[in-house]
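Chain by chain, the residues:
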Amino acid sequence: MLDLTMLSCRRQTFRYYALYFHIGETEKKCFIEEIPDETMVIGKYRTQLWDKQTGSFLPATPGLGMHVEIKDPDTKIILSRQYGSDGRFTFTSHTPGEHQICLHSNSTKMALFAGGKLRVHLDIQVGEHTNNYPEIAAKDKLTELQLRARQLLDQVEQIQKEQNYQRYREERFRMTSESTNQRVLWWSIAQTLILIVTGIWQMKHLKSFFEAKKLV
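Residues numbered from 1 in each chain as written. Predicted model: local features only at pLDDT ≥ 70, side-chain atom pairs only at ≥ 80, totals over all residues. Heavy atoms only, no water.

Per an unreviewed UniProt entry, the protein chain goes by Transmembrane p24 trafficking protein 4 and derives from Hucho hucho. A UniProt comment under Sequence similarities (unreviewed entry) is attached to the protein chain, and it reads "Belongs to the EMP24/GP25L family." (UniProt positions renumbered as here; feature names shortened; annotations may be inferred.)

A few words on the UniProt feature "transmembrane region" (unreviewed entry) in the protein chain. As recorded in UniProt, the sites labelled "transmembrane region" (unreviewed entry) are residues 184-203. Split by type, residues 184-203 is 100% helix and 0% strand. Its first and last C-alpha atoms lie 28 Å apart. (Helix = DSSP H or I, 4+ residues; strand = E, 2+ residues; numbered from the N terminus.)

Following both chains from N to C, one finds helix α1 (residues 133-140) and helix α2 (residues 144-212) inclined at 125°, their axes separated by 11 Å at the closest point. One element, α1, and the other, α2, form an angle in the oblique class. For the pair α1 and α2, the crossing hand works out as right-handed. Counted together, Y133, I136, A137 and D140 of α1 and L147, R150, Q151 and D154 of α2 form the full contact between these two elements. (Axes fitted to C-alpha atoms, helices over the stretch in contact; angles between N-to-C directions. Parallel < 35°, antiparallel > 145°, perpendicular 65-115°, else oblique. Left-handed = near helix turned anticlockwise from the far one by under 90°. Contact = heavy atoms within 4.5 Å.)

Okay, structure coming up:
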């Protein structure tokens, strides 16, 4: 049975973070990343296999690979691909919101890994951190001042995307709040009508009862 572990990595967008985690056979690890639209994300990983003889993690064999699956906020798969023991994946968001990044190994094909443990080192770069500025400077022959200006322009662009995303979240929250308030209002009105109708029915029923008993 597939063991799915959800890890929520909520943080300020356009940052860089690195972590490692352990997975077992047929186990899947998923991360939730809040990403604005039209934002590039680069993920790099490397795997280490637990060695019982040395009692430590060693570089995994080339035959052991990782499957990477990315889903957008609408649960639409935007990337699903098998990579090697070390790999790099890239995708660009087209819908703002929570993106799900899932990784799992092809350990069922590896008798060597059966019952073992795998350590995965994962680096995630979002937004401007995906740019390789030394490479850009060498390619476009930019001076240090020009490169710095390029970095500032990229930062301003990413800040604008972040602001747009925050406005998008606020709008969705406002719409949800208004919808909830409207439902509460209609439910209160419905409860009031039910109480009134119930009261009228009870009065008529008691009147009929008393008339039948000739008490009134």
